[in-house]
Amino acid sequence: MTFRKVNIIILVLAVVFFLLVLHHNFLGLSSLLRNEVSDSGIVGLQPIDFIPNAPHDAVDGRQEEVPVVIAASEDRLGGTIAAINSIQHNTRSNVIFYIVTLNHTADHLRSWLSSSILKSIRYKIVNFDTKLLEGKVKEEPDQGESVKPLTFARFYLPILVPSAKKAIYMDDDVIVQGDIFALYNTPLKPGHAAAFSEDCDSASTKAVIRGAGNQYNYIGYLDYKKERIRKLSMKASTCSFNPGVFVANLTEWKRQNITNQLEKWMKLNAEEGLYSRTLAGSITTPPLLIVFYQQHSTIDPMWNVRHLGSSAGKRYSPQFVKAAKLLHWNGHFKPWGRTASYTDVWEKWYIPDPTGKFSLIRRHTEISNTK
């Protein structure tokens with residue numbers, strides 16, 4: 001009788017232990033699911049991996065996530081790494097990076113992140129399938145941007161960040177010197193799906209790019225000789241904006257079907273050639289200018305101090321560069337290139353590639369990029 005009681009007690013203890021283990025595992029799974037970002041399930045934008053947890057001392061008490069979307073192409077990967085490093089270093093906010101890349105770059109990117117001081121950041125790598133652009137982009141030999149599919153990632157923000165109500169997009173040729181949370185808190189007017197830095201009002205856009213004409217008005221990006229453009233009744237003198245850095249209200253973006261609108265103008269341009277071929281030469285900016293015509297908010301111009309890559313010379317004072325919240329090397333002269341300006345500012349945030357595939361090109365060295 002006593003032996004039977006002992007067996008029953010042991011059995012009860014075993015059941016209790018099993019239930020405790022099961023409960024612990026369930027809590028762990030629930031926590032993981034809360035930290036995960038929902039996958040879109042959309043063909044063409046497939047998540048590759050996600051690092052959900054940053055050290056507790058890396059962020060402050062603000063629990064709101066700050067989604068930052070940035071592209072990562074193989075030949076510019078050092079720029080992406082430097083941008084991420086500068087953002088992470090200058091904030092204690094709960095930042096999560098959505099890094100959009102192509103399949104052949106994912107392993108290189110992952111190894112770079114995991115072997116550097118960035119190994120504790122929260123990030124998600126998303127593969128961009130170029131099939132998304134079929135029928136929407138016409139290959140043009142004189143427009144190199146047409147063969148860079150990742151430049152269009154900004155058009156698909158709600159798919160990239162499906163569970164967020166708001167997100168930041170930025171190009172890979174930037175350095176952030178302020179707290180990204182301040183940019184994230186940019187107020188957007190009711191009905192506006194995005195906030196950009198306007199060209200005419202920016203302290204960094206007062207010069208004319210030699211050989212390209214004035215790029216600060218709509219006529220610099222759109223062909224007003226085309227009837228379809230004229231029918232839009234958009235003033236050619238309207239100030240343009242720079243889409244390399246912007247804050248998006250994704251709820252409003254989805255409500256207005258912004259992505260579908262952008263794709264519509266991509267298709268029409270591929271068929272009719274609606275963009276300017278003499279001035280700006282961009283194929284990502286024009287559809288944004290059309291869709292957001294007089295329907296966008298503005299960000300503080302110090303959050304997009306640009307044209308650092310427009311020439312090899314230095315156009316800003318050291319004091320102005322130091323005061324800028326975000327520096328943008330848009331233009332041909334990238335900070336990882338041979339004749340860039342303000343390379344000392346950019347290199348402060350650059351992390352050497354542990355694989356050796358990406359190297360800086362400098363004037364007095366024979367170092368070159370290998371792909």
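No experiment lies behind these values; they were computed from the predicted model shown.

Scoring rules and cut-offs
Residues numbered from 1 in each chain as written. Predicted model: local features only at pLDDT ≥ 70, side-chain atom pairs only at ≥ 80, totals over all residues. Heavy atoms only, no water. Helix = DSSP H or I, 4+ residues; strand = E, 2+ residues; numbered from the N terminus. Buried < 20%, exposed > 50% of the residue type's maximum accessible area, 1.4 Å probe, protein only. Contact = heavy atoms within 4.5 Å. Salt bridge = Lys/Arg side-chain N within 4 Å of Asp/Glu carboxyl O. Pairing = 2+ DSSP bridges. Right-handed = clockwise from strand over helix to strand, strands pointing away. Phe/Tyr/Trp six-rings, centres within 6.5 Å; stacked < 30°, edge-to-face > 60°. Core = buried A, V, L, I, M, F, W, Y, C linked by side-chain atoms within 4.5 Å.

Undergrad: I'd like a rundown of the overall build of the protein chain, residues and numbers included.
TA: A count of helices and strands for the protein chain gives eleven helices and ten strands. Within the protein chain, the fraction of its 371 residues that count as buried is 51%. Of the contacts made within the protein chain by residues no fewer than 6 positions apart, 75% connect residues no fewer than 24 positions apart.

Undergrad: Describe the environment of Val161, naming the residues involved and giving the relevant values.
TA: On the secondary structure map, Val161 appears in the loop between helix H4 (157-160) and strand S5 (166-170). The class of Val161 is buried, set by a relative accessible area of 0%. Distance from Val161 to Phe97, taken between C-alpha atoms, is 10.0 Å for residues 64 residues apart in sequence. Those residues in contact with Val161, other than ones at most four positions away along the chain, are Pro67, Val69, Tyr98 and Leu250.

Undergrad: Break down the pattern of salt bridges for me, citing the residues and quoting the values.
TA: Within this structure, the stated rule accounts for ten salt bridges. When the shortest N-O distance is used, the salt bridge between Asp173 and Lys334 registers 2.6 Å. Of the two residues, Asp173 sits in the loop between S5 and strand S6 (174-176) while Lys334 sits in the loop between strand S10 (326-328) and helix H11 (343-347), which places them 161 residues apart along the sequence. The class for Asp173 is buried, based on a relative accessible area of 2%. Since its relative accessible area comes to 14%, Lys334 is described here as buried. In this structure, the salt-bridge partner of Glu227 is Lys231, at a minimum N-O distance of 3.4 Å.

Undergrad: Explain the pairing of strand S2 (residues 65-72) to me, and be specific about the residues and the numbers.
TA: Moving residue by residue along a regular strand, the side chains alternate between the two faces of the sheet. In terms of burial, S2 is a largely internal element, seven of the eight residues being buried. Pairing geometry for S2 and strand S3 (residues 94-101), over eight bridges, is parallel. Across the sheet, the residue bridging to Ile70 is Ile99, located in S3. For the crossover from S2 across helix H2 (residues 77-89) to S3, the handedness is right-handed. As paired strands, S2 and S5 are joined by two bridges and run parallel to one another.

Undergrad: So, the side chain of Ser73: which residues are in play, and what are the values?
TA: Positionally, Ser73 belongs in the loop between S2 and H2. Every residue in contact with Ser73, bar those within four places of it in the chain, is listed here: Thr105, Leu150 and Asp172.

Undergrad: Summarise the environment of Pro286; cite the residues concerned and give the values.
TA: Inspection of the secondary structure assignment puts Pro286 in helix H9 (residues 285-291). Looking at Pro286, the relative accessible area reads 0%, which means it is buried. Sequence-wise, Pro286 and Tyr221 are 65 residues apart; in three dimensions their C-alpha atoms are separated by 5.7 Å. Apart from the residues within four sequence positions on either side, Pro286 is in contact with Tyr221, Leu222 and Tyr275.

Undergrad: Please set out the packing of aromatic side chains residue by residue, giving values where relevant.
TA: The full count for this structure, using the stated rule, is 17 aromatic pairs. Consider the rings of Phe196 and Phe246, whose centres lie 5.0 Å apart with planes at 40 degrees: the pair is tilted. In this pair, Phe196 is assigned in strand S7 (residues 194-198) and Phe246 in strand S8 (residues 241-249), connecting sequence segments 50 residues apart. Residue classification places Phe196 among the buried residues on the basis of a relative accessible area of 0%. Considering the side-chain rings of Tyr316 and Phe320, the 5.2 Å spacing of their centres and the 50 degrees angle between planes classify their relative orientation as tilted.

Undergrad: Just give me the short version of the nonpolar core, but keep the residues and values in it.
TA: One finds Val68, Phe97, Ile99, Ile168, Met170, Ile180 and Leu183 to be the most contacted residues of the largest nonpolar core, which totals 52 residues. Ranked by the residues each element gives to this core, the list is headed by H2, at six residues. Sequence-distant contacts of Met170, that is, excluding residues within four places in its chain, are made with Val68, Val69, Ile70, Ala71, Ile87, Val176, Ile180, Leu183, Gly244, Val245 and Leu326. Counting residues in each nonpolar core, the second largest holds 50 residues, with Ala153, Tyr221, Ile258 and Leu268 among its members.

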